[in-house]
Structures are given as structure tokens and as C-alpha cells.
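# Structural overview for review
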Amino acid sequence: MQGKELYAALCSACHGKALEGYAADHAPSLITPTFLESVNDEFLTRSITTGRPGTSMAAYGKKLGGPLDDAAIARLVAFVRARGNVPQKQLAGLTKAGDPKAGATIYDATCRVCHGDLKSRGEAVHLANPMFLAQASDPFLRHAIVNGRAGTKMEAFAKKLDEQQLADVIAYIRTFVNPAAPAISQLPAPTGKEPLLLFPKGKEPDWTAREDRFVPVDIVKKAYDEKRKFIIIDARPPSEWMRAHITGAVSIPYHDLKRLDEIAQDTWVIAYCACPHHLSGDVVDALKARGHTKAAILDEGINDWHRKGYPMTVAEGVEKPAGEPPAPAGQIR
Ligand code: HEC
Ligand code: HEC
């Protein structure tokens, strides 16, 4: 597939048809000029290859269990570049040494409400993500903060922060990386032969899907405990299943739905993603298009299931997702 088709099939659900962002999961825009002029192709390639573990941005690289080889990722990067059509700029660096303590005060007062803290993402890009921080240079961070991202909620702080304050807040953002954090490992890749049914001898679940589409996490957990007969589908790219999945869930990613043909029409299917609705919604729609009536979305998604301590199979070092940081009164959410 060409970059354009790959984008439509794999990325537009979250980043929007026109790359404008915010179609789902607060996925950022990929085409604001101040973003594209500040990133090299390496940044884009690595963001797509390794994803941002712990957010809904999955690893799409083959090496990590994703669907795309290097050539396909290069076509996607070229597509994003061509769509944005802004040349890369020479970026200014920091001119002062930053003080992380002073930076923390600025961050807490000004940035935290959108960007979250060390553990939790807010509604904007998670700046504490180790993959992000490994890719983002100081000039990149400075450029984003000074110029903002026109058309998004990221304002330009050029008039509000002086060079010292910029250096301070960036020094603080750098402290987010915990060098003692264990490297993330992965489970073996799905073989495509994992059994579909959770409890083949069980009774049918007796839930009713809200709006014919959603079943809450607690109701699914109850059926799970009662060993009911149903299928749980992980709709994310396999790289995410390899980090953590609901025990017994089969990987049928939104971009490769072949295994749906193996599912009997009279069997209940619950699909989930991290989003919580978009990729799982694609899978449920595909089942309905095949004539299934017993297909629904795990309402709150896998993160809520995981947070509640329900049965999970996780790779070493993968932690329970933290809750979203509370938004102070009056803030957009
Ligand atoms: C399920 C939703 C989802 C899908 C599908 C998805 N992304 Fe993302 N993407 C995100 C989110 C959310 C972030 C920001 C993550 C964070 O908080 O750091 C992101 C971040 C990115 C970034 C980094 C942008 C920045 O400003 O740092 C790039 C580049 C990117 N995605 C490209 C892609 C491409 C290309 C595809 C398709 C192969 C794709 N994404 C598919 C949700 C998604
Ligand atoms: C009102 C919400 C909001 C506030 C407040 C805010 N940001 Fe942002 N920020 C965003 C959004 C949304 C984006 C992503 C915009 C896009 O789609 O490209 C972003 C992007 C960024 C990026 C680029 C990340 C990337 O991968 O593209 C950096 C760095 C950043 N913000 C730093 C800061 C800092 C530092 C502060 C405080 C001085 C701050 N932001 C305050 C919403 C906010």
C-alpha cells in the first residue's frame, strides 16, 4: 500500500482524515507547521516504529510486532511530510542552564493541567513518556513551547516565558525520565492460532449491550468469573497485545481482520482497545457487517480492566495504568 492508503487504514481513526489530530484519544495533529518544521524524519519514523508505550499510540514497526516494515513506514513518513508541506527549520537551542526546581513550579502552574505528570497522561501528548523524551531534543521542546501549535490547544508561550524560564521548564521535563525504570519487555508474538473461545463449555452470557454496542467492564468481568462462553478480541496492533492483554483475549487487530471469519454467528464477542472505543468499534462494525448481532465493545477499555486488577497477562515491567490526573475546575477536558 502507498503512504496515503496506509494512513487511511491505520492512522486516520485517531489522527483524523486530514492529519489534523483529535479524531480520537486526543491524538495530536501531525501537520501543524510548527510541528513539522521542528522534526526530522528520524523523529517521525521512530514515533511510528516504537510508538509511545502506555498511550494509545502503538508500536507499528514489524520488529516490535506491529504491521509495518521499514519501507512501509518510510512511505508513511513521506506522506505526512508531503501533506504538511513545510520545510524543516534550523531550531534555536537553549541559551541558559535550567533549574529543574524552578521549572517544576512553572510546569505545575501552567502545563500539568494538559500534559499530566510523571505517571499519567493528561489530554495532551505525554511529555514524560520515555520514548518521547529519547526522541525530543532540547531545541525541539523549546520550539514547541515558544511557538505553540496553531489550531490546537497548545498556545505559543513566547511572550509568557523568558529564556531562563524555558530552560527551567525543559530541565524539569528532563527529570521525568526515570533511569531506574526497567526496560519494557514483550510477550511472545501471537501465533494466530490462539483458541478463540474463553470457556467453550460455559453458558452464554446474559448481558444486554447498551445501545446494542457497549458492555461495561464490571459486567464482562462477572461473565468471565462465571466462566461464560464468549470471545474477547484485542483490537490493537499485536505489539500492544505483546505488552499486555486481558488473559484469554485473542489478537485480531483492526488492520487485519481475517480471523473474524472463524467466529460463529451465535457466539458473543467483546472487543477492546485502549481508546476505549475506536479500534474496538472498527472490529465490532466489521462483525456486524458479516451478519453478527452478538458483538459489543468493552465500554471503558483495557486500561480500566487493568487498573481494577482484573485478570491480565503482561510482559515484565509493564505497570498498571495510572488514573487520569484530575482536571482543576473550569478546565477544558
Ligand atoms: C488509537 C489511536 C492512534 C492510532 C491508530 C495512531 N496513533 Fe499516532 N498517536 C496517538 C496518540 C494518542 C499520540 C500521542 C501519544 C502521547 O501521549 O505521547 C500519538 C503520537 C503520534 C506521533 C508523535 C506526534 C508528536 O507530536 O509527538 C506520530 C508521528 C504518530 N502518532 C503517527 C501515527 C501514524 C503514522 C499512525 C498510523 C500508522 C498512528 N500514529 C496511529 C494515537 C494514535
Ligand atoms: C491547554 C492545554 C495545554 C497547555 C496548558 C500546555 N500544552 Fe503543550 N501541548 C498541548 C497540546 C494539545 C499539544 C499537541 C498539539 C498538537 O496537536 O500538535 C501540545 C504539545 C506540546 C509539546 C510538543 C509535544 C509533541 O510531541 O509534539 C510540548 C513540548 C509541550 N506541549 C510543552 C508544554 C509546556 C512546557 C507547557 C507549559 C508551559 C505546555 N505545553 C502547556 C496542550 C497544552
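Residues numbered from 1 in each chain as written. Chains lettered and ligands numbered in written order. Predicted model: local features only at pLDDT ≥ 70, side-chain atom pairs only at ≥ 80, totals over all residues. Heavy atoms only, no water.

## A short note on the pairing of strand E5 (residues 268-272)
- In terms of residue burial, E5 counts as a mostly covered element, since five of its five residues are buried.
- Residues of E5 alternate between two faces, with Trp 268, Ile 270 and Tyr 272 on one and Val 269 and Ala 271 on the opposite face, all of them buried.
- Pairing of strand E2 (residues 230-234) with E5 involves five bridges; the strand directions are parallel. Among the inter-strand pairings, Ile 231 is bridged to a residue of E5, identified as Val 269.
- Here E5 runs beside strand E6 (residues 295-298); their pairing, made up of three bridges, is parallel. Residue pairing in the sheet places Ala 271 in a bridge with Ile 297 of E6.
- In this fold, E5 hands off to helix H12 (residues 278-289), which returns the chain to E6; that crossover is right-handed. (Buried < 20%, exposed > 50% of the residue type's maximum accessible area, 1.4 Å probe, protein only. Helix = DSSP H or I, 4+ residues; strand = E, 2+ residues; numbered from the N terminus. Pairing = 2+ DSSP bridges. Right-handed = clockwise from strand over helix to strand, strands pointing away.)

## Section: the packing of helix H8 (residues 138-147) against helix H9 (residues 163-174)
- Direction vectors running N to C along H8 and H9 enclose 120°, while the axes themselves pass 10 Å from each other. Taken together, the axes of H8 and H9 lie oblique to each other. Viewed along their axes, H8 and H9 form a crossing whose handedness is right-handed. Where H8 abuts H9, its residues Asp 138, Leu 141, Arg 142, Ile 145 and Val 146 lie against Glu 163, Leu 166, Val 169, Ile 170 and Arg 174. (Axes fitted to C-alpha atoms, helices over the stretch in contact; angles between N-to-C directions. Parallel < 35°, antiparallel > 145°, perpendicular 65-115°, else oblique. Left-handed = near helix turned anticlockwise from the far one by under 90°. Contact = heavy atoms within 4.5 Å.)

## A short note on the site of ligand 1
- As a matter of local geometry, ligand 1 sits amid 24 residues, with Cys 11, Cys 14, His 15, Met 57 and Arg 121 nearest to it.
- Arg 121 is positioned with one of its side-chain polar atoms (N or O) 2.6 Å from an oxygen atom of ligand 1.
- The set of elements that each furnish at least two residues to the shell around ligand 1 consists of helix H1 (3-15) and helix H3 (41-50).
- The residue makeup of the shell around ligand 1, split by class, is 16 nonpolar, five polar and three charged. (Near = heavy atom within 4 Å. Polar contact = N/O pair within 3.5 Å; in protein donor to acceptor, adjacent residues only side chain to side chain. Nonpolar A, V, L, I, M, F, W, Y, C, P; charged D, E, K, R; others polar.)

## Quick look at helix H4 (residues 70-84)
- Helix length check: H4, at 15 residues, gives a terminal C-alpha distance of 21 Å against a target of 21 Å (1.5 Å per residue), a fit within 8%.
- The complete set of buried residues in H4 reads Ala 72, Ile 73, Leu 76, Val 77, Phe 79, Val 80, Arg 81 and Gly 84.
- Looking at the buried positions of H4, the neighbouring elements they touch are H1, helix H2 (33-36) and H3.
- A positive backbone phi angle near 55° is found at Asn 85, which sits one or two residues after H4. (Expected span 1.5 Å × (residues − 1).)

## Describing the packing of helix H5 (residues 100-110) against H9
- Where H5 meets H9, the closest approach of the two axes is 7 Å, and the angle between their N-to-C directions is 90°. Taken together, the axes of H5 and H9 are roughly perpendicular relative to one another. Across the interface between the two elements, Pro 100, Ala 102, Gly 103, Ala 104, Ile 106 and Tyr 107 from H5 touch Gln 165, Asp 168, Val 169, Ala 171, Tyr 172 and Ile 173 from H9.
- Looking at the contact of H5 with H9 residue by residue, the class counts come to nine nonpolar, two polar and one charged.

## What to know about the confidence of the model for the protein chain
- Chain-level statistics for the protein chain give a pLDDT mean of 93 and a share of 95% at 70 or above.
- Confidence drops under a pLDDT of 50 for residues 325-333, and excluding neighbours within four residues, the segment shows 14 contacts in the predicted structure. (pLDDT = per-residue confidence, 0-100.)

## Some details on the site of ligand 2
- Around ligand 2, a shell composed of 22 residues is seen, among which Tyr 22, Cys 111, Cys 114, His 115 and Met 154 lie nearest.
- Contact distances for ligand 2 include 2.8 Å between an oxygen atom and a backbone N or O atom of Ser 29.
- Interatomic distance of 2.8 Å between a side-chain N/O atom of His 115 and a nitrogen atom of ligand 2.
- For the shell around ligand 2, the secondary-structure elements that each account for two or more residues are helix H6 (112-115) and H8.
- It is H8 that provides the largest number of residues to the shell around ligand 2, a total of four residues.
- In terms of residue class, the shell around ligand 2 is built from 16 nonpolar, four polar and two charged.

## Re the pattern of salt bridges
- Evaluated as defined, the whole model comprises 28 salt bridges.
- For Glu 123, the salt bridge goes to Lys 153, with nearest N and O atoms at 2.8 Å. Of the two residues, Glu 123 is situated in the loop between H6 and helix H7 (130-135) and Lys 153 in the loop between H8 and H9; the sequence distance between them amounts to 30 residues.
- Residue Glu 123 is classed as buried on the basis of its relative accessible area, which comes to 7%.
- Owing to a relative accessible area of 54%, Lys 153 belongs among the exposed residues under this scheme.
- The partner of Asp 261 in a salt bridge is Arg 290, and the shortest N-O contact between them spans 2.9 Å. (Salt bridge = Lys/Arg side-chain N within 4 Å of Asp/Glu carboxyl O.)

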